[in-house]
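Residue-level listing of the chains:
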Amino acid sequence: MANARTGRVRVAVLISGAGSNMAALIDAGLQADAPFEVVLVLSNKPEAGGLATAEAKGVPTAVVDHAAFGKDRLAHEQAVQTVLDAHRIEVVALAGYMRLLTPFLVGRWAGRMLNIHPSLLPRYPGLDTHARALAAGDAEAGCTVHLVTDGVDDGPVLGQAAVPVQPDDTPAALAQRVLVAEHVLYPRVLGDFCRGRVRRS
Ligand code: GRF
């Protein structure tokens, strides 16, 4: 799977926003012993803050604006796929990519597309995970890296990190602490995945 020149798996990171996980993945891919390199950052939103971060780190970026495709999700994904092909991408890492995928892209990348979700799946798929964990009185929250399948936040789990809930936690404070854990978990799991070491649970 690896790049013939560098020996590293060619990864695209798909974002819609700030891209802090994306930045962590780029930095991890720059380490001397990294099994992957981030060779493309693609956003469905031209205003995504992560685009400037990626450019500052010297990583090529692309925008495939979903708004230009109206309700035609398939056409948007086909345009995304064309960019992924052009960059000879081998593994796709979703990192705050706020699009529901159709079977086209999911099927095209089956077993080679990862996502990070800010909860301990199978608890709290979807949005507002931290508020839901606090409302339930959970003692711990966390994050999950999983393979992407047709269901929302539903694929085989590749790795998780737990974060204790504090007595006076707010959703925002908990989200910030979970995000710090995400920045450690995602590079580690993607690295293990690209080394072929990951156990699917
Ligand atoms: C993260 O919490 C991630 O788990 C979720 O969206 C957020 C993206 O944050 N899927 P960032 O863009 O990586 O900073």
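Preceding this section is the structure that the text describes.
The numbering scheme is per chain: residues are counted from 1 as the chain's sequence reads. In keeping with the predicted nature of the model, local features appear solely for residues at pLDDT of at least 70, side-chain atom pairs appear and are counted solely at 80 or more, and the whole-chain, interface and lining totals rest on all residues. Side-chain descriptors were evaluated using all non-hydrogen atoms of the structure, hydrogens and water having been removed beforehand.

**Student:** I'm lost on the overall build of the protein chain in this one. Help?
**Tutor:** On a plain count of helices and strands, the protein chain comes out with six helices and seven strands. We compute the radius of gyration from the C-alpha atoms alone; for a globule the expected value is 2.2 Å times N to the 0.38, where N is the number of residues. For a compact globule of 201 residues, the expected C-alpha radius of gyration is about 17 Å, and the protein chain comes in at 16 Å, within 12% of that figure. For the C-alpha atoms alone, the extent of the protein chain along its principal axes is close to 50 × 40 × 35 Å. Any residue under 20% of the maximum accessible area for its type is buried, any over 50% is exposed, and the rest in between are partly exposed; the area is computed with a 1.4 Å probe on protein chains only. The burial tally for the protein chain puts 49% of its 201 residues in the buried class. Starting at the N terminus, helices and strands are each numbered in turn, a helix being any DSSP run of H or I of at least four residues and a strand any DSSP run of E of at least two.

**Student:** It is not clear to me how the nonpolar core should be interpreted in this structure. Could you clarify?
**Tutor:** Note that soluble globular proteins tend to have their nonpolar side chains buried in a common cluster. Grouped together as the largest cluster of nonpolar side chains are 37 residues, with contacts concentrated most on Val 11, Val 13, Val 38, Val 41 and Leu 114. Broken down by element, this core gets its largest block of residues, nine residues, from helix H6 (residues 171–194). Two residues qualify as a contact provided that any one of their heavy atoms is within 4.5 Å of a heavy atom in the partner residue. Those residues in contact with Leu 114, other than ones at most four positions away along the chain, are Val 91, Val 92, Ala 93, Leu 94, Val 145, His 146, Leu 147, Val 148, Leu 158, Tyr 186, Leu 190 and Phe 193. Residues Leu 14, Leu 40, Leu 105 and Trp 109 belong to the second largest nonpolar core, which totals 19 residues. In plain words, nonpolar cores are sets of buried Ala, Val, Leu, Ile, Met, Phe, Trp, Tyr and Cys residues tied together by side-chain atoms within 4.5 Å.

**Student:** Which parts of the structure should I look at to understand the site of the ligand?
**Tutor:** Close to the ligand lie Ala 18, Gly 19, Ser 20, Asn 21, Gly 96, Ile 116, His 117, Pro 118, Leu 179 and Glu 182, which account for all nearby residues. Pairing of N or O atoms within 3.5 Å defines a polar contact, subject to two protein rules: one partner must be a possible hydrogen donor and the other a possible acceptor, and residues neighboring in sequence count only if both atoms are side-chain atoms. Here Ser 20 contributes a side-chain N or O atom positioned 2.5 Å from an oxygen atom of the ligand. Between an oxygen atom of the ligand and a main-chain N or O atom of Asn 21, the distance comes to 2.9 Å. Areas reported here follow the Shrake-Rupley algorithm with a probe of radius 1.4 Å; residue values treat only the protein chains shown as occluding. Relative to its unbound accessible area of 360 Å², the ligand is 80% covered by the protein chains. Of all the secondary-structure elements, those providing two or more residues to the shell around the ligand are helix H1 (20–29), strand S5 (113–117) and H6. Nonpolar residues are Ala, Val, Leu, Ile, Met, Phe, Trp, Tyr, Cys and Pro. Charged residues are Asp, Glu, Lys and Arg, and all others, Gly as well, are polar. Across the shell around the ligand, the residue classes tally to four nonpolar, five polar and one charged. If even one non-hydrogen atom of a residue comes within 4 Å of a molecule or strand, that residue is called near it.

**Student:** Would you mind going over the packing of aromatic side chains with me for this structure?
**Tutor:** The geometry of two aromatic rings is summed up by the distance between their centres and the angle between their planes. Each aromatic pair joins two rings of Phe, Tyr and Trp (for Trp, the six-membered one) with centres within 6.5 Å, and gets the label stacked for planes under 30 degrees apart, edge-to-face for over 60, and tilted for any other angle. Tallied over the full model, the rule gives zero aromatic pairs. For a lysine, the NZ atom is tested; for an arginine, the CZ atom; a charge sits over a ring if that atom is within 6 Å of the ring centre and within 35 degrees of the ring normal. A cation over an aromatic ring shows up here: Arg 108 above the ring of Trp 109, its NZ or CZ 5.4 Å from the ring centre.

**Student:** Just to check I follow, could you spell out the environment of Gly 142 for this structure?
**Tutor:** If you trace the backbone, Gly 142 turns up in strand S6 (residues 140–147). For Gly 142, a relative accessible area of 0% translates into the label buried. When the C-alpha atoms of Gly 142 and Ser 119 are compared, they prove to be 4.9 Å apart, with 23 residues separating the residues in sequence. Excluding residues within four positions of it along the chain, Gly 142 makes contact with His 117, Pro 118, Ser 119, Leu 120, Ala 161, Ala 162, Val 163 and Val 178.

**Student:** Help me understand the sheet that holds strand S3 (residues 61–63), please; the structure alone is not making it clear to me.
**Tutor:** Strand pairing requires that DSSP identify at least two bridges connecting the strands. Strand order in this open sheet of seven strands is S3-S2-S1-S4-S5-S6-S7, and the pairing throughout is mixed. Edge positions in the sheet fall to S3 and strand S7 (157–164), since each of these pairs with one other strand and no more. Averaged over all pairs of adjacent strands, the angle between strand axes in this sheet comes to 20°, irrespective of strand direction. Bridge count for S5 against S6 is four bridges, and the pairing is antiparallel. Within S6, the position partnered with Asn 115 by the bridge is His 146. Between N-to-C directions, angles span 0 to 180 degrees; the directions come from axes that are lines fitted to C-alpha atoms, helices contributing only their stretch in contact. Sheet strands touched by H1: strand S1 (9–15), strand S2 (36–43), strand S4 (91–94) and S5. Its angle to S2, the strand with the most contacts, is close to 155°. The sheet strands contacting helix H3 (residues 73–86) are S1, S2, S3 and S4, and the helix crosses S2 at an angle near 150°.

**Student:** What's the story with the pattern of salt bridges in this structure? I'm lost.
**Tutor:** Side chains carrying opposite charge are able to pair once their charged atoms draw close together. Salt bridges are defined by distance alone: a side-chain nitrogen of Lys or Arg within 4 Å of a carboxyl oxygen of Asp or Glu. The full count for this structure, using the stated rule, is four salt bridges. When the shortest N-O distance is used, the salt bridge between Asp 169 and Arg 177 registers 2.8 Å.

Spatial relationships are all this shows, so hold off on functional conclusions.
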